Amino acid sequence: MRPGINRGTNSVGDAFWMPFTDNRYFKANPRLLARAEGMHYWTPDGRQLLDGTAGLWCVNAGHGRTRIVEAIQAQAAALDFAPTFQLGHPLAFEAAERVAALMPEGLNRIFFANSGSEAVDTALKIALAVQRARGQGSRTRLIGRERGYHGTGFGGLSVGGIMPNRRAFGPGLPGVDHLPHTHDLVRNAFSRGQPVHGAERADALEALVQLHGADTIAAVIVEPLAGSTGVLVPPVGYLQRLREICTRHGILLIFDEVITGFGRLGAATASQAFGVTPDMICLAKGITNGAVPMGAVACHQSLHDTLIDAPGDAPGIELFHGYTYSAHPLACAASLATLDVYEEDGLFARAASLAAHWEEAVHRLAGAPHVIDVRNMGLVAGIEIAPDPNAPGARGQALFRALFDSGLLARATADILALSPPLIVSSEQIDEMVAHVAKALEAMK
């Protein structure tokens, strides 16, 4: 058997330090995935699991797509690596054109990274560089949002707002502040689509402008729909109000669409789904269907041109930033094949067509034991359960483990279950997922 091919064992060793994992618990109680195809994973002992999370929000076209696999294989044989510092390779330019064609009007300059975390740090650095090139060097402050998740680099960690992700690592970048989150369980519980209440929470940015001065703020970064914190759908009018405030005060607006990009909400981006265009969009995950790591930032051309054409600068490097693996040939090949699959299978439109059935199905859980909220948008849903007063988060983990053991892969954040299936999901499989969850909730103490 070739190296790297699963050998059908449930055993694990000590060498792998697992990310975002209770390592002690896992290594005593391992849950392993051995292979995947279409809508399913299989464990090493041959048990099938329905994939309710598109891997980790990323396998939008389903697992093992032949076109993507063959593109990666062929590219590895033809050109396994090429640097993009002062050099290039054709696929990098082709992939950038294809990604740009899917973005909102004007966001047609693509900077490639290798993950969502790198995409976020790239966008933050571009924002600072652009403000400086505009003669606004005092604009160094970055604004994130409570409960925001923007990866685990120090930039993304600093503007992020999930407390356990931050508390072990010190204060982070200086000069960072946060908007309040939009979750309003009292007024918006069991909303379908965008909740009605809460647009006024965007006005907190005006308060930060008054506190710090607009001339100190470079950018605001938010997830248009917050995923990792437990699926927080923006209230009606919230993103529009945030856009207007940023524009009025010369603040750049960055959307982190690492999760929502490439069809999750029934459009290429959440920006298009919500009708709000930011200055930059961070992308990853679905850009390659999760097959090869890749991230990207889609920038408005005016930002790019500000740096490239900065007056008075001597010819040379305009932005001292990048990664060894920016626009890696295998990642570009995977991305091009993935975008072909999305287009040929009409997966964005498919997601939009399934959204109504998805909404009806997940809201059937409203009366299940322990459920205190269900929220949805496109093909994503959050099911919030009442926490155990003595052990917050324990019920969420118990539910995740029970679902895995019963045949459904889901995602738990604290006491919120997130579902975000591949866009190839069928109506019957949607109903199957909901039935799994309902049964597990009935059995929960």
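Scroll up for the structure.
The residue numbering used here restarts from 1 in each chain and proceeds along that chain's sequence as written. Selection of residues for local features in this predicted model requires a pLDDT of at least 70, selection of side-chain atom pairs for listing and counting requires 80 or more, and totals for whole chains, interfaces and linings are taken over all residues. Side-chain metrics in this entry use all non-hydrogen atoms of the structure; hydrogen atoms and water are not considered.

### Points about the overall build of the protein chain
The helix and strand labels rest on DSSP assignments: H or I over at least four residues marks a helix, E over at least two residues marks a strand, and numbering proceeds from the N terminus. Helix and strand content of the protein chain: 16 helices and 15 strands. For the radius of gyration, the atom set is restricted to C-alpha positions; the globular benchmark scales as 2.2 Å times the number of residues to the power 0.38. For 445 residues, the compact-globule formula gives about 22 Å, and the C-alpha radius of gyration of the protein chain, at 22 Å, lands near that figure. Each principal axis of the C-alpha atoms in the protein chain carries an extent, and together these give about 65 × 55 × 45 Å. The proportion of buried residues among the 445 residues of the protein chain is 54%. Of the contacts made within the protein chain by residues no fewer than 6 positions apart, 72% connect residues no fewer than 24 positions apart. Between buried and exposed lies partly exposed: a residue is buried under 20% and exposed over 50% of the maximum accessible area for its type, with that area taken using a 1.4 Å probe on protein chains only. It only takes one pair of heavy atoms within 4.5 Å for two residues to be counted as in contact.

### Describing the packing of helix α4 (residues 90-102) against helix α13 (residues 329-345)
Two quantities define a packed helix pair, namely the angle between the helix axes and the distance between the axes. To obtain each axis, a line is fitted to C-alpha atoms, and for helices this fit is confined to the stretch in contact; angles are then taken between N-to-C directions over 0 to 180 degrees. Running from amino to carboxyl end, α4 crosses α13 at an angle of 35°, the nearest separation of the two axes being 9 Å. Judged by the sense of rotation from one axis to the other, the crossing of α4 with α13 is left-handed. Of the residues in α13, those touching α4 at Leu91, Ala92, Glu94, Ala95, Arg98, Val99 and Leu102 are Pro329, Cys332, Ala333, Ser335, Leu336, Leu339, Asp340 and Glu343. Of the residues that constitute the contact of α4 with α13, the class distribution is 10 nonpolar, one polar and four charged. Handedness of a crossing is defined here by the sense of rotation of the near helix relative to the far one, left-handed for an anticlockwise turn of less than a right angle and right-handed for a clockwise turn. Any residue that is not Ala, Val, Leu, Ile, Met, Phe, Trp, Tyr, Cys, Pro, Asp, Glu, Lys or Arg is counted as polar, Gly included; the first ten are nonpolar and the last four charged.

### Here's the deal with the layout of surface pockets
Put simply, the grid is 1 Å and covers the protein atoms alone, a cavity is a trapped set of points that fit a 1.4 Å probe, a pocket is an open set with protein on both sides within 12 Å along at least five of seven lines, and lining residues have an atom within 4 Å of a point. Grid points are joined across faces, edges and corners, and a volume is the space filled by probe spheres set on the points. Counted as a void, the second largest pocket has a volume near 1,100 Å³. In terms of lining residues, the second largest pocket is bounded by 31 residues, among which Thr84, Ile110, Phe111, Phe112 and His304 are the most central. The biggest single contributor to the lining of the second largest pocket is α4, with five residues. Considering only residue class, the lining of the second largest pocket consists of 19 nonpolar, nine polar and three charged.

### A short note on the sheet that holds strand β4 (residues 109-113)
The mixed open sheet is built from seven strands, whose spatial order is β4-β10-β9-β8-β7-β5-β6. Across the chains shown, the open sheet's two edge strands, defined by having one partner strand only, are β4 and β6 (176-179). The mean angle between the axes of side-by-side strands here comes to 20°, regardless of whether they run parallel or antiparallel. DSSP calls a pair of strands paired once it identifies at least 2 bridges connecting them. In this sheet, strand β9 (residues 280-283) lies alongside strand β8 (residues 252-256) in parallel orientation, the contact comprising three bridges. In the strand pairing of β9, aspartate 256 is matched with cysteine 282. Sitting on the sheet, helix α9 (residues 204-212) is in contact with β5 (141-145), β6 and β7 (217-222), with an inclination near 150° to β6.

### Let's talk about the packing of helix α14 (residues 347-362) against helix α16 (residues 427-443)
Interaxial distance between α14 and α16 falls to 10 Å at its minimum, and their mutual angle equals 20°. By the angle class used here, α14 and α16 are roughly parallel. Here α14 runs over α16; the crossing is right-handed. Within the contact between the two elements, α14 uses Leu354, His357, Trp358, Ala361 and Val362 and α16 uses Ser427, Ile430, Asp431, Met433 and Val434. Residues belonging to the contact of α14 with α16 are distributed by class as follows: seven nonpolar, two polar and one charged. Roughly parallel covers angles under 35 degrees, roughly antiparallel covers those over 145, roughly perpendicular covers 65 to 115, and oblique covers all other angles.

### A look at the environment of glutamine 136
Within the fold, glutamine 136 resides in the loop between α5 (116-133) and β5. A sequence separation of 296 residues divides glutamine 136 from glutamate 432, and the C-alpha atoms of the two residues are 54 Å apart.

### A closer look at the packing of aromatic side chains
For Phe, Tyr and Trp, where Trp contributes only its six-membered ring, two rings pair if their centres lie within 6.5 Å, and the inter-plane angle classes them as stacked under 30 degrees, edge-to-face over 60, or tilted in between. All chains considered together, the criterion is met by four aromatic pairs. On the numbers, 6.2 Å between centres and 25° between planes, the contact of phenylalanine 262 with tyrosine 342 is stacked. On the criterion of sequence distance, the pair formed by phenylalanine 262 in the loop between β8 and α11 (270-274) and tyrosine 342 in helix α13 is long-range, its members being 80 residues apart. Taken individually, phenylalanine 262 and tyrosine 342 each receive the classification buried, so the pair is uniform in this respect. Their ring planes at 45° and their centres at 5.3 Å tell us that tyrosine 342 and phenylalanine 348 sit as a pair that is tilted. Residue class for tyrosine 342 comes out buried when judged on its relative accessible area of 4%. Here, a charge over a ring means that NZ of Lys or CZ of Arg falls within 6 Å of the ring centre while also lying within 35 degrees of the ring normal. The cationic tip of arginine 35 hangs over the ring face of tryptophan 42; the distance from NZ or CZ to the ring centre is 4.0 Å. One residue, arginine 401, lies across the ring of tyrosine 25, its end atom 3.6 Å from the ring centre.

### Focus: the pairing of strand β15 (residues 416-419)
By the alternation rule, side chains of β15 split into Ile416 and Ala418 and Leu417 and Leu419, which are all buried. Pairing geometry for strand β12 (residues 380-385) and β15, over four bridges, is antiparallel. Across the sheet, the residue bridging to isoleucine 383 is leucine 417, located in β15. Sheet topology places strand β14 (residues 411-413) next to β15; three bridges connect them, and they run antiparallel. Counted as the bridge partner of alanine 412 is leucine 417 from β15. Counting the residues that bridge the hairpin from β14 to β15 gives two residues, and of these alanine 414 lies at a positive phi of roughly 55°.

### Overview of the pattern of salt bridges
Two side chains with opposite charge may pair up if their charged atoms get near one another. We count a salt bridge whenever a side-chain nitrogen from Lys or Arg sits within 4 Å of a carboxyl oxygen from Asp or Glu. Counting across every chain of the model gives 17 salt bridges. Residue arginine 201 is joined to aspartate 184 by a salt bridge in which the shortest nitrogen-to-oxygen separation is 3.5 Å. Pair noted here: arginine 201 is in the loop between α8 (185-188) and α9 and aspartate 184 is in the loop between β6 and α8, with a separation of 17 residues, a long-range link. Taking the relative accessible area as the measure of exposure, aspartate 184 reaches 10% and is therefore buried. Put simply, arginine 192 and glutamate 359 hold a salt bridge, and the shortest N to O gap is 3.9 Å. In this pair, arginine 192 is assigned in the loop between α8 and α9 and glutamate 359 in helix α14, connecting sequence segments 167 residues apart. Note on arginine 192: relative accessible area 41%, which makes it partly exposed.

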